[in-house]
Amino acid sequence: MFTLAQLTSFVAVAEELHFTRAAERLNMTQPPLSRQIQLLENDLGVQLLDRTNRTVKLTPAGRTFLTEARRILHQSEHATLAVRRVSTGEAGAIAVGFTAASAYSALGSLLETAQTALPGVEVLLHELVTRDQLEALGEGSLDLGLARPSATGPDLVSRPAVREGLVAALPAGHRLAAATRPMHVEDLTGEDFLMYSPIEARYFHELLVNVFRTAGAQPVFTQYLTQVHSMLALVNGGWGIALVPEGAVRMRYGGITFRPLQLPQPQPVELDYVWREGNDNPALKALLRQL
């Protein structure tokens, strides 16, 4: 089997059609260069160069092999560069988990950062609730999660990604939708309300329980749901009011009025970047540096 050194020697001689110039180009002496060509011809079992004391010409086999030799050398260089880029995090792939609500806040910024700073890295997206993200991070099927601060697990590291406020999503025509005064949490007392599931959407459930307790508000919980877009679909159908992250306003439901709430803490909704400390994916490390 021929070597890359033999191919490099052959291409240099084939392009220069002169052994001395080819040797100078490769920064070597002529005898070892001639030896490389002889070994290559022996390995292939064909004559590639027709050489005399004064001239060097390519044989028909040599002209054909020159094209293949250049292609192989190019592929070798490409493979070397690709491996080096992967090792530095400039290439490769990273699996990112995100909650439905985060698609309207932190996810866009993350994707823009990856595309701008690491164009050679492929981002593989997985929509998962926080609980499922933690499981996937532990198994290694996810590299990075956009999860709620309740995220905990062995070897998991988290950093704040974004904070945002809560807004009330009201069916069109609801009396509170048309009010001109600022909206308070107490206004929800006695109103049909779409609540977050205490299991699948634990973070938002506990957040709203604390908000209602602090304000002394007592809405009437009619349904328990997991995803923000499901809540908005029911609000749109007139089935109740919901409190959602302000980023959800970008969903642009036509039959919903969004109103900000007066809260003691203006931005109570938190979202974190979460990853496994032992993850050795260079692309993850490169993306975290940018984030």
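What comes next concerns the included structure. (Residues numbered from 1 in each chain as written. Predicted model: local features only at pLDDT ≥ 70, side-chain atom pairs only at ≥ 80, totals over all residues. Heavy atoms only, no water.)

## Considering the overall build of the chain
Stated formally: The numbering of helices and of strands both runs from the N terminus, where a helix is a DSSP run of H or I of at least 4 residues and a strand a run of E of at least 2. For a compact globule the rule gives 2.2 Å times the number of residues to the power 0.38, and the radius of gyration it is set against comes from C-alpha atoms. Each residue gets one of three labels from its accessible area relative to the maximum for its type: buried under 20%, exposed over 50%, partly exposed in between, using a 1.4 Å probe on protein chains only. Between two residues, a contact is recorded if the distance between any of their heavy atoms is within 4.5 Å. Computed by Shrake-Rupley with a 1.4 Å probe, the accessible areas treat only the displayed protein chains as cover when residues are assessed. As used throughout, the charge tally considers Lys and Arg to be positive and Asp and Glu to be negative, leaving His and the chain termini uncounted. For charged residues, the charge sits on one atom: NZ in Lys, CZ in Arg, CG in Asp, CD in Glu.
Looking only at helices and strands, the chain features nine helices and 13 strands. Here the chain has a C-alpha radius of gyration of 32 Å; the compact-globule value for 291 residues is 19 Å, and the former is much larger. With the principal axes as the frame, the chain shows a C-alpha extent of 105 × 40 × 25 Å. A total of 291 residues make up the chain; the buried ones form 42% of that total. A separation of at least 24 residues holds for 74% of the contacts in the chain among residues at least 6 apart in sequence. Of the roughly 15,500 Å² of accessible surface on the chain, a fraction of 50% belongs to carbon and sulfur atoms. Treating the 25 positive side-chain charges of the chain as one cloud and the 29 negative ones as another, the clouds have centres 8 Å apart.

## Digging into the sheet that holds strand E7 (residues 166-171)
To summarise the sheet geometry, strands pair through backbone hydrogen bonds and adopt either a parallel or an antiparallel arrangement. Selection rule: Between any two strands, at least two bridges found by DSSP are needed for them to pair.
If you trace the four strands from one edge of the open sheet to the other, you get E8-E12-E7-E11, paired in mixed fashion. Strands with a single pairing partner mark the edges of an open sheet, and in this sheet they are strand E8 (183-184) and strand E11 (242-245). Judged from the five bridges that link them, E7 and strand E12 (residues 256-262) form a sheet pairing that is antiparallel. Its bridge partner lying in E12, Leu 170 is registered against Thr 257.

## Structural notes on the sheet that holds strand E4 (residues 121-127)
Formally: Geometry is summarised by axes, namely lines fitted to C-alpha atoms with helices restricted to the contacting stretch, and by angles between N-to-C directions that run from 0 to 180 degrees.
Strand order across the open sheet formed by five strands is E4-E3-E5-E13-E6, with mixed pairing between neighbours. What marks the edges here is a single partner per strand, and that holds for E4 and strand E6 (156-164). Put simply, the sheet's adjacent strands are angled 20° from each other on average, direction ignored. Judged from the seven bridges that link them, strand E3 (residues 92-98) and E4 form a sheet pairing that is parallel. Directly across from Val 96, in E4, lies its bridge partner Leu 125.

## Focus on the packing of aromatic side chains
The following threshold applies: Only Phe, Tyr and Trp rings are paired, with Trp represented by its six-membered ring, and only when their centres lie within 6.5 Å; those with planes under 30 degrees apart are stacked, over 60 edge-to-face, the remainder tilted.
A full pass over the atoms with the stated rule returns eight aromatic pairs. Centre to centre, the rings of Phe 2 and Phe 65 are 5.8 Å apart; their planes meet at 80°, and the pair counts as edge-to-face. Linking Phe 2 in the segment before helix H1 (4-16) with Phe 65 in helix H4 (residues 60-87), this pair joins segments that are 63 residues apart in sequence. Exposure remark for Phe 2: the relative accessible area of 22% places this residue in the partly exposed category. Ring-pair connections join several aromatic residues into one group, and the members of that group are Phe 193, Phe 212, Phe 221 and Tyr 224.

## Thoughts on the environment of Ala 106
Summarising the element assignment, Ala 106 is placed in helix H5 (residues 106-117). In this structure Ala 106 touches Leu 146, Ala 161, Val 162 and Leu 271, once residues within four positions along its chain are discounted.

## Considerations on the layout of surface pockets
Condition: Here a cavity is any set of points on a 1 Å grid over the protein atoms alone where a 1.4 Å probe fits but cannot get out, and a pocket is any open set with protein on both sides within 12 Å along at least 5 of 7 lines; a residue lines the site when it has an atom within 4 Å of a point. Grid points are joined across faces, edges and corners, and a volume is the space filled by probe spheres set on the points. For this scheme, ten residues count as nonpolar: Ala, Val, Leu, Ile, Met, Phe, Trp, Tyr, Cys and Pro. Four count as charged, namely Asp, Glu, Lys and Arg, and the remainder, Gly too, count as polar.
In this structure, the second largest pocket occupies an estimated 220 Å³ of space. Forming the walls of the second largest pocket are 14 residues, and the residues nearest its centre are Val 211, Leu 263, Pro 264, Gln 265 and Pro 268. It is helix H7 (residues 202-215) that contributes the most residues to the lining of the second largest pocket, six residues altogether. The class makeup of the residues in the lining of the second largest pocket is eight nonpolar, four polar and two charged.

Nothing here speaks to function; it is geometry throughout.
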